[in-house]
Amino acid sequence: SRSDSAAPDSAMQGAIRPLPLSDPRVEEFLAYRVQTRVDPATAITEYTAPGFTYTSSAGDKFDAAGLANRINDWRQGFTLVEGTPLWAASLPDGQLMLATRDTVKHQGQFRGQQATNKTFDTESLFTINDNTDGKITGYTRYTDYGAIADGIGTDDVGALLGLSS
């Protein structure tokens, strides 16, 4: 097996490189996520760059105001019990990739689904762009909506994604 201290070989050039969760870019994005649970509008203002774009799991794009509304939608439906970063990596194009596991409780209505008070885990994968000032210029969140559907007991994944009414 390859040790962590070994120099990368030529096959690794341009590859995905693992990052420690203590990497400043990872820590900054995790701080942003914590702040979004407290005050989404402030988090977006403090951590993102002008022209910021968020892309949902369904591929829909949102500006800062649209993202704030979307986060508030999630906050209304789910209470975070625990958020755990799993791993991080640097992509060849400079993006940050981050995987997380969140334990949530479905305590409010979410996209037509009444509260179940069920607690469950869901994982997300983020791809994050930032600028040289450390501000987030955009990110995409890929969420396991199948786990959410199973967790709250619905078969309507499309409604959870916001694809159906």
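The preceding data block contains the structure.
How each quantity is defined
- Residues numbered from 1 in each chain as written.
- Predicted model: local features only at pLDDT ≥ 70, side-chain atom pairs only at ≥ 80, totals over all residues.
- Heavy atoms only, no water.
- Axes fitted to C-alpha atoms, helices over the stretch in contact; angles between N-to-C directions.
- Helix = DSSP H or I, 4+ residues; strand = E, 2+ residues; numbered from the N terminus.
- Parallel < 35°, antiparallel > 145°, perpendicular 65-115°, else oblique.
- Contact = heavy atoms within 4.5 Å.
- Nonpolar A, V, L, I, M, F, W, Y, C, P; charged D, E, K, R; others polar.
- Pairing = 2+ DSSP bridges.
- Phe/Tyr/Trp six-rings, centres within 6.5 Å; stacked < 30°, edge-to-face > 60°.
- 1 Å grid on protein atoms, 1.4 Å probe; cavity = no way out; pocket = protein on both sides within 12 Å on 5 of 7 lines; lining within 4 Å.
- Points joined across faces, edges and corners; volume = space filled by probe spheres on them.
- Core = buried A, V, L, I, M, F, W, Y, C linked by side-chain atoms within 4.5 Å.
- Buried < 20%, exposed > 50% of the residue type's maximum accessible area, 1.4 Å probe, protein only.

So, about the packing of helix α1 (residues 24-38) against helix α3 (residues 64-77). At a minimum axis separation of 9 Å, α1 and α3 run at an interaxial angle of 70 degrees. As far as their axial angle goes, α3 and α1 are roughly perpendicular. Facing Y32, T36, R37 and V38 of α1, the residues of α3 in contact are L67, I71 and R75. A per-class count over the contact of α1 with α3 returns four nonpolar, one polar and two charged.

This paragraph deals with the sheet that holds strand β5 (residues 96-106). If you trace the seven strands from one edge of the open sheet to the other, you get β1-β4-β5-β6-β7-β2-β3, paired in mixed fashion. Only two strands of the sheet have a single partner each, and these edge strands are β1 (17-19) and β3 (61-62). Where β5 meets strand β6 (residues 119-130), 10 bridges bridge the pair, whose relative direction is antiparallel. Within β6, the position partnered with A99 by the bridge is L125. Across the sheet, α1 is in contact with β1, β2 (48-55), β4 (78-90), β5, β6 and β7 (136-143); its angle to β5 comes to roughly 25 degrees. Together, β2 and β7 form the strand contacts of helix α2 (residues 40-47), whose direction differs from that of β2 by roughly 120 degrees.

Across all of its chains, the model carries 14 aromatic pairs by this definition. Centre to centre, the rings of Y54 and F62 are 6.1 Å apart; their planes meet at 35 degrees, and the pair counts as tilted. Measuring from centroid to centroid gives 6.1 Å for F78 and F120, while their planes differ by 85 degrees, and the two rings are edge-to-face. Linking F78 in strand β4 with F120 in strand β6, this pair joins segments that are 42 residues apart in sequence.

Take the layout of surface pockets next. In this model, the largest pocket occupies a volume close to 490 Å³. Lining the largest pocket are 22 residues; nearest its centre among them are R33, R37, I71, W74 and R141. Per-class residue counts for the lining of the largest pocket are 12 nonpolar, four polar and six charged.

Another point: the nonpolar core. Within the largest apolar cluster, 20 residues are counted, with the highest numbers of intra-cluster contacts made by F29, Y32, L67, L98, I128, I136 and Y139. Broken down by secondary-structure element, the contributors of at least two residues to this core are α1, α2, β2, α3, β5, β6 and β7. Of the residues forming this core, the biggest block, four residues, is contributed by α1. Every residue in contact with Y139, bar those within four places of it in the chain, is listed here: F29, Y32, F52, T53, Y54, T55, L67, F126, T127 and I128. Listed in part, the 11 residues of the second largest apolar core include Y145, I148, I152 and L160.

Any link to function would need more than the numbers given here.
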